[in-house]
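This is what each chain is made of:
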Amino acid sequence: MEMFADGKWLAVVFLGLMGISMLAYVILDGYDLGVGILLHRASDEHKDVMISSIGPFWDANETWLVLGVGILLVAFPSAHGVILTALYLPVAVMLLGLILRGVAFDFRVKAEAHHKPLWNFAFYAGSLLASFSQGVMLGLYITGFNYGALSLLFALITGLCLCAGYGLLGSGWLLMKTTGELQQQAVVWAQRSLWLTGLGIAAISIVTPMVSQRIFEKWFTLPYLFMLMPIPIATAILFFVIDRALRRLPKRLAEGNEYGAWVPFAATVGIFLLAFYGLAYSLFPYLVVDHIDIWQAASAPESLKIILAGTAVVLPAIFGYTIYAYRVFWGKARELTYY
């Protein structure tokens, strides 16, 4: 195929690597951002357990964001300039939120008792800011960085719904990592987040084909219609599975039976995977909708080959320590203790 000739395959490879990095970030940092958002709703006795459940992972999860943005910078520099310039304000807000939650995470364990609520709120606020700004960036990106009133409204709705999606991931994580009253409370939080998450996915699904005639044709003309149809069907099934599991879990957990406690988290990950695939299918091969494709934005093939060699070392290392960390710290979270 022509797209794979003359080194053009390198742009496709780096697009895939960037996509994997961003997807890993959304899922892995998504659940710990979700736990941070839910922290404000928890009682004081549960807050330490919630923080403990993400303690060994949250900082490393952000590595995937650094990797994804780094690949965008070195592999697609012209697109990096356009995207980061257009998203300057929400990116700044996201970084502020990530810094705030990082500082709060460390300071809350050293603060005196009367200062601890302040740092708990800072962790919640940082998580909320980071999550909401990521949703706004997604909404603006889908609409081609259109700052009209309707596009801004869509971006704000997407920000709100992404917070709900992260809350659903965080609730599912707490269902697997906690016990007792907090575990039961996680069921309630998941139920409240579920359908707002569905609203966000539905909104994105409606708006995406409207922003481009090319995307509309990829969705609704034959044979593409039949190729895309399994995505909304599978997504609806996963929402049904989560809803059914959340209805059954309270009784089971009260009896000490944790069968199926992993289902909401796993099914939510499945929903995010399907949503990501649908978005990637719609936008490919463009990095900026209908303006800059991956070959226009890519660095020289010689540069990409050198970068690929470095990525071949870095990416397995990140995968390795991520898997190792989750293996070592798997199991139920306990209240934080310091020696």
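Residues numbered from 1 in each chain as written. Predicted model: local features only at pLDDT ≥ 70, side-chain atom pairs only at ≥ 80, totals over all residues. Heavy atoms only, no water.

Q: Any chance you could break down the overall build of the protein chain for me, citing the residues and the numbers?
A: Of regular secondary structure, the protein chain possesses 15 helices and two strands. Here the C-alpha atoms of the protein chain give a radius of gyration of 21 Å, agreeing with the 20 Å that 2.2 N^0.38 yields for 339 residues. Viewed in the frame of its principal axes, the protein chain has a C-alpha envelope of about 60 × 40 × 40 Å. By residue count, 50% of the 339 residues in the protein chain fall in the buried class. Long-range pairs, those at least 24 residues apart, make up 79% of the contacts in the protein chain with a sequence separation of at least 6. For the protein chain, the exposed area adds up to about 16,600 Å²; of that, 70% sits on carbon and sulfur atoms. In the protein chain, 20 positive and 20 negative side-chain charges are present, and the distance between their average locations comes to 8 Å. (Helix = DSSP H or I, 4+ residues; strand = E, 2+ residues; numbered from the N terminus. Rg over C-alpha atoms; globule rule 2.2 N^0.38 Å. Buried < 20%, exposed > 50% of the residue type's maximum accessible area, 1.4 Å probe, protein only. Contact = heavy atoms within 4.5 Å. Areas by Shrake-Rupley, 256 points an atom, 1.4 Å probe, with all protein chains shown as cover. Lys, Arg positive; Asp, Glu negative; His and termini not counted. Charge placed at Lys NZ, Arg CZ, Asp CG, Glu CD.)

Q: Give me the pattern of salt bridges: which residues, what numbers.
A: Should their charged atoms come close, side chains of opposite charge can pair. A full pass over the atoms with the stated rule returns eight salt bridges. Ionic pairing is found between Arg101 and Glu62, a salt bridge with its closest N-O pair at 3.4 Å. You can see Arg101 sitting in helix α6 (residues 88-107) and its partner Glu62 sitting in the loop between α3 (58-61) and α4 (63-75), a full 39 residues away along the chain. Each member of the pair, Arg101 together with Glu62, is buried. (Salt bridge = Lys/Arg side-chain N within 4 Å of Asp/Glu carboxyl O.)

Q: So what's going on with the state of the cysteines? Residues and values would help.
A: Here, disulfide denotes a covalent bond that connects the sulfur atoms of two cysteines. Under the criterion given, the structure shown has zero disulfides. Considering cysteine sulfurs only, Cys163 is the nearest to Cys161, which forms no disulfide, with 9.1 Å between them. (Disulfide = S-S within 2.5 Å.)

Q: Describe helix α5 (residues 77-86), and please don't skip the residues or the numbers.
A: For α5, every residue scored as buried is listed here: Ala79, His80, Ile83 and Ala86. All buried residues of α5 fall inside an arc of 145° around its axis, so they share one side. Along its buried surface, α5 packs onto α4, α6, α7 (116-142), β1 (286-288) and α14 (294-297). (Arc of directions from axis to C-beta.)

Q: Pulling in residues and values, what's your account of the side chain of Ser151?
A: In this fold, Ser151 is placed in helix α8 (residues 149-177). Beyond its immediate chain neighbours, meaning those up to four positions away, Ser151 contacts Thr143 and Asn146.

Q: Kindly report on the nonpolar core, identifying the contributing residues and their values.
A: Membership of the largest hydrophobic core comes to 96 residues, with the highest contact counts inside it found for Tyr31, Met50, Trp64, Phe76, Ile83, Phe145 and Trp173. Take this core: its biggest share by element is 15 residues, from helix α1 (residues 9-39). In this view, Tyr31 contacts Ile54, Phe57, Asn61, Leu169, Gly170, Trp173, Phe265 and Tyr326; residues no more than four positions away in its chain are not counted. (Core = buried A, V, L, I, M, F, W, Y, C linked by side-chain atoms within 4.5 Å.)

Q: Run through the environment of Leu95, naming residues and quoting values.
A: By the secondary structure assignment, Leu95 is in helix α6. Taking relative accessible area as the criterion, Leu95 reaches 43% and is therefore assigned partly exposed. Sequence separation between Leu95 and Gly170 is 75 residues, and the spatial gap between their C-alpha atoms is 20 Å.

Q: Kindly report on the packing of α1 against α4, identifying the contributing residues and their values.
A: Where α1 contacts α4, the two axes come as close as 8 Å, and the packing angle between them is 155°. Taken together, the axes of α1 and α4 are roughly antiparallel relative to one another. Classified by chirality, the crossing of α4 by α1 is left-handed. Where α1 abuts α4, its residues Phe14, Leu17, Met18, Ser21, Met22, Ala24, Tyr25 and Leu28 lie against Trp64, Leu65, Leu67, Gly68, Val69, Ile71, Leu72 and Ala75. Split by residue class, the contact of α1 with α4 holds 14 nonpolar, two polar and no charged. (Axes fitted to C-alpha atoms, helices over the stretch in contact; angles between N-to-C directions. Parallel < 35°, antiparallel > 145°, perpendicular 65-115°, else oblique. Left-handed = near helix turned anticlockwise from the far one by under 90°. Nonpolar A, V, L, I, M, F, W, Y, C, P; charged D, E, K, R; others polar.)

Q: Lay out helix α15 (residues 301-328) in plain terms, naming residues and giving numbers.
A: A rise of 1.5 Å per residue sets the reference length of α15, with its 28 residues, at 40 Å; its end C-alpha atoms lie 40 Å apart and thus fit the reference within 8%. When the local axis directions of α15 are compared, the greatest deviation, roughly 25°, occurs at Thr311. Within the sequence span of α15, burial applies to Leu304, Thr311, Leu315, Ile318, Thr322, Ala325 and Tyr326. In this fold, the buried residues of α15 make contact with α1, α3, α4 and α8. (Expected span 1.5 Å × (residues − 1). Bend = angle between axes of the 7 residues up to and from the residue.)

Q: If you had to explain the side chain of Ser282 to someone new, which residues and values would you point to?
A: Here Ser282 lies in helix α13 (residues 263-283). Judged by relative accessible area, Ser282 falls into the buried class, the value being 0%. Looking at Ser282, its side chain comes within polar contact range of the main-chain oxygen of Gly278, at 2.8 Å. When neighbours within four sequence positions are excluded, Ser282 is seen to be in contact with Thr208, Arg214, Ile215, Lys218 and Trp219. (Polar contact = N/O pair within 3.5 Å; in protein donor to acceptor, adjacent residues only side chain to side chain.)

Q: Quick rundown of the packing of aromatic side chains? Include the residues and the values.
A: Evaluation of the coordinates by the stated rule reveals 19 aromatic pairs. Ring plane angle 15° and centroid distance 4.3 Å describe the contact between Phe57 and Tyr326, whose orientation is recorded as stacked. Residue Phe57 is found in the loop between α2 (44-54) and α3, and its partner Tyr326 is found in helix α15; the two are separated by 269 residues along the sequence. Neither residue differs from the other here; Phe57 and Tyr326 are each classed as buried. (Phe/Tyr/Trp six-rings, centres within 6.5 Å; stacked < 30°, edge-to-face > 60°.)

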